[in-house]
Amino acid sequence: MSVEITAFIPSDLVRPGAGRRVFAIGDVHGQDDAFEHVLDAMSEAAKGSKEETELVLLGDLIDRGPGPVRCLDLAMKPAQELGFDDKTVLMGNHEQMARLALGLPDHFFWLWMQNGGHTIYREAGLTAEEMKDLEQQRLVADWFRRTVGWERRLFLRSLKSHRQIGNLLFVHAGIAPGEPRQEFLAAPWHGNGVRTAGYIDEYHWAWIRRPFLEHRTGWGGDLIVHGHSIEKHEVQREGLDEDQAHRIRFDRLGLDGGAAIFDAVVGAEFVDGAYRIFRAETANTNPYAPKAPTKSVKRVETEESRKNAEFLRREKEIGDRVRAGGIELPSAIAELREAYFLTQDQLSLLTKMPVDRINDIENGDADPTLSELNRLLRPFTFIVGAIAKKES
């Protein structure tokens, strides 16, 4: 697979700052081979640079394509290992849906499945028949939570809404004209998804389209670099030729190359006064086609399935003891945490609760509120969650 790289295109609007060289990649959507090739090409371009280099990933790393989990793993690598001095990963609307699905009730899980989350089971080697069997047992959401794993779930929680470098503002979908920018970008990561039982807020930095895309009077001297909206569709809408895609228009630069529809992964490199485009076509044209055997695929029926079976057995045992009155919920939380090999620090990151408070609750030195119990139980499965609901 080759990566097309344009010549540098002059632009007075590109001002990351003297001594800065910035690379950005738009929507990836599980196209791991194309993503890796663009990363390698950018790493080569950054090699030996006199400027400080930074990589910004604009979000939507997952869903649709054949390798969503591997895309997360590539994005999780340290900046230096990828060939850059620094790295920022932004949240896209697909990471938003995944984070809601992996930490909240199953309604959000099925919203994610409808938007491409199901590709994870194909990457893991699960057959359609095995998936149906999980559906019949109502274990699909739990299987996905375990397959994604704690490290990736913590990574999803670390994603940012935006990154400003010089006059370049990087954001997944865009910003809202006429609204205070910092207030708009400070909106909660979930929008109103948690408050409205899954009706996602599309007037949000991870979702916005038309108000942003149809704005024509600039952004106060800044260049907005974004993904989310497929560029070739936008230039068609504007009556332009496709060769005008991924060019600065109306003080914004769109880097969604259509990976979601199996077209390309696109990125850009910025230095003061110029930018250039990187483009790698995706290998798959059929969303249900098997991946080319370029690398080994980890299959769930081996070590992964044994771990999952052990987690289920341990959870059931803890749940049975709670129901029988043999263990209180705070102690159950401690045992669940240990069963998943989580430290209190990691549980604190997952629940946004202070470590000292978690420690006091687990040791019986504090009486948790119902809200605190729900927060501590949320990272685990519905088995214990149902117990908490019953006792409330």
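All figures in this text were calculated on a predicted structure; none of them were measured in a lab.

What counts and what doesn't
- Residues numbered from 1 in each chain as written.
- Predicted model: local features only at pLDDT ≥ 70, side-chain atom pairs only at ≥ 80, totals over all residues.
- Heavy atoms only, no water.
- Helix = DSSP H or I, 4+ residues; strand = E, 2+ residues; numbered from the N terminus.
- Buried < 20%, exposed > 50% of the residue type's maximum accessible area, 1.4 Å probe, protein only.
- Contact = heavy atoms within 4.5 Å.
- Right-handed = clockwise from strand over helix to strand, strands pointing away.
- Pairing = 2+ DSSP bridges.
- Axes fitted to C-alpha atoms, helices over the stretch in contact; angles between N-to-C directions.
- Expected span 1.5 Å × (residues − 1).
- Arc of directions from axis to C-beta.
- Core = buried A, V, L, I, M, F, W, Y, C linked by side-chain atoms within 4.5 Å.
- Parallel < 35°, antiparallel > 145°, perpendicular 65-115°, else oblique.
- Left-handed = near helix turned anticlockwise from the far one by under 90°.
- Nonpolar A, V, L, I, M, F, W, Y, C, P; charged D, E, K, R; others polar.
- Phe/Tyr/Trp six-rings, centres within 6.5 Å; stacked < 30°, edge-to-face > 60°.
- Lys NZ or Arg CZ within 6 Å of the ring centre and 35° of its normal.
- Salt bridge = Lys/Arg side-chain N within 4 Å of Asp/Glu carboxyl O.
- pLDDT = per-residue confidence, 0-100.

### Side note on the overall build of the protein chain
Looking only at helices and strands, the protein chain has 17 helices and eleven strands in total. Taken across its 392 residues, the protein chain has 54% of its residues classed as buried. If you take every contact in the protein chain between residues at least 6 apart in sequence, the share linking residues at least 24 apart comes to 71%.

### Observations concerning the pairing of strand E4 (residues 52-57)
Along a regular strand, successive side chains alternate from one face of the sheet to the other. Among the six residues that make up E4, five are buried, leaving the element largely enclosed by the rest of the structure. Of the crossover connections in this fold, the one passing from strand E3 (residues 20-25) over helix H1 (residues 32-46) to the parallel E4 is right-handed. Pairing of E4 with strand E5 (residues 86-89) involves four bridges; the strand directions are parallel. Among the inter-strand pairings, leucine 55 is bridged to a residue of E5, identified as lysine 87.

### Some points on the sheet that holds strand E9 (residues 252-254)
The strand order across the open sheet built from four strands is E6-E7-E8-E9, with neighbouring strands paired in mixed fashion. Among the strands making up the open sheet, the edge pair consists of strand E6 (162-165) and E9. In this sheet, neighbouring strand axes are inclined to one another by 20° on average, regardless of whether the strands run parallel or antiparallel. Here four bridges tie E6 to strand E7 (residues 168-171), and the two strands are oriented antiparallel to one another. Pairing of isoleucine 165 across the sheet is with leucine 168, part of E7.

### Digging into H1
Relative to the 21 Å expected for 15 residues at 1.5 Å per residue, H1 spans 21 Å between its end C-alpha atoms, a close match to the ideal helical length. Taken as a whole, H1 has its buried residues at Asp32, Asp33, Ala34, Phe35, Val38, Leu39, Ala41, Met42, Ser43 and Ala46. Looking at the residues trailing H1, positive phi occurs at glycine 48, about 75°.

### So, helix H16 (residues 370-377)
Looking only at H16, the buried set comprises Glu372, Leu373, Leu376 and Leu377. For H16, the buried positions fall inside an angular range of 130° around the axis, keeping them on one side.

### What to know about the nonpolar core
The nonpolar side chains of a soluble globular protein tend to be buried with one another. Membership of the largest hydrophobic core comes to 52 residues, with the highest contact counts inside it found for Ile25, Phe35, Met42, Leu55, Leu57, Leu61 and Ile175. Looking at this core, the element that brings in the most residues is H1, giving seven residues. Counting 20 residues, the second-largest nonpolar core is a separate cluster that includes Val56, Leu58, Val225 and Ile277.

### Observations regarding the packing of H1 against helix H2 (residues 68-76)
It is the contact of H1 with H2, at a shortest axis distance of 9 Å, that shows an interaxial angle of 20°. Taken together, the axis directions place H1 and H2 in an arrangement best described as roughly parallel. Crossing hand, H1 versus H2: left-handed. Where H1 approaches H2, its residues Asp32, Asp33, Phe35, Glu36 and Leu39 are matched on the opposing element by Arg70, Cys71, Leu74 and Ala75. A breakdown of the residues in the contact of H1 with H2 according to their chemical character gives five nonpolar, no polar and four charged.

### Comments concerning the packing of aromatic side chains
Summed over all chains, the structure comprises five aromatic pairs. Pairing phenylalanine 170 with phenylalanine 270 gives two aromatic rings, centres 5.8 Å apart and planes at 75°, and the pair type is edge-to-face. With phenylalanine 170 in strand E7 and phenylalanine 270 in strand E10 (residues 264-271), this pair connects stretches of sequence that are 100 residues apart. Each of the two residues, phenylalanine 170 as well as phenylalanine 270, counts as buried. The structure contains a cluster of three or more aromatic residues connected by ring pairs, namely Phe170, Phe270 and Tyr275. Arginine 99 extends its terminal NZ or CZ atom over the ring of tryptophan 189, reaching a point 3.8 Å from the ring centre. Over the ring of tryptophan 150 we find arginine 153; its NZ or CZ atom is 4.5 Å from the centre of that ring.

### Here we look at unusual backbone geometry
Even without being a glycine, phenylalanine 250 presents a positive backbone phi close to 55°. Along the chain, the position of phenylalanine 250 falls in the loop between helix H11 (231-237) and E9. Phi is positive for phenylalanine 262, close to 65°, though the residue is something other than glycine. We classify phenylalanine 262 as buried; its relative accessible area is 13%.

### Details of the pattern of salt bridges
Applying the stated criterion across every chain yields a total of 25 salt bridges. One salt bridge connects arginine 70 with glutamate 36, and the closest N-O pair in it is separated by 2.7 Å. Within this pair, whereas arginine 70 is found in helix H2, its partner glutamate 36 is found in helix H1, the two being separated by 34 residues in sequence. For arginine 163, the salt bridge is made with glutamate 54, and the minimal N-O distance between the two is 2.9 Å. Note that arginine 163 is positioned in strand E6 and glutamate 54 in strand E4, a separation of 109 residues in sequence. Salt bridges sharing common partners tie together Glu4, Lys232, Asp263, Arg279 and Glu281.

### Observations regarding the confidence of the model for the protein chain
Residues at a pLDDT of 70 or more form 80% of the protein chain, whose mean pLDDT is 82. The low-confidence segment residues 381-392 (pLDDT under 50) makes 21 contacts with residues lying over four places distant or belonging to another chain.

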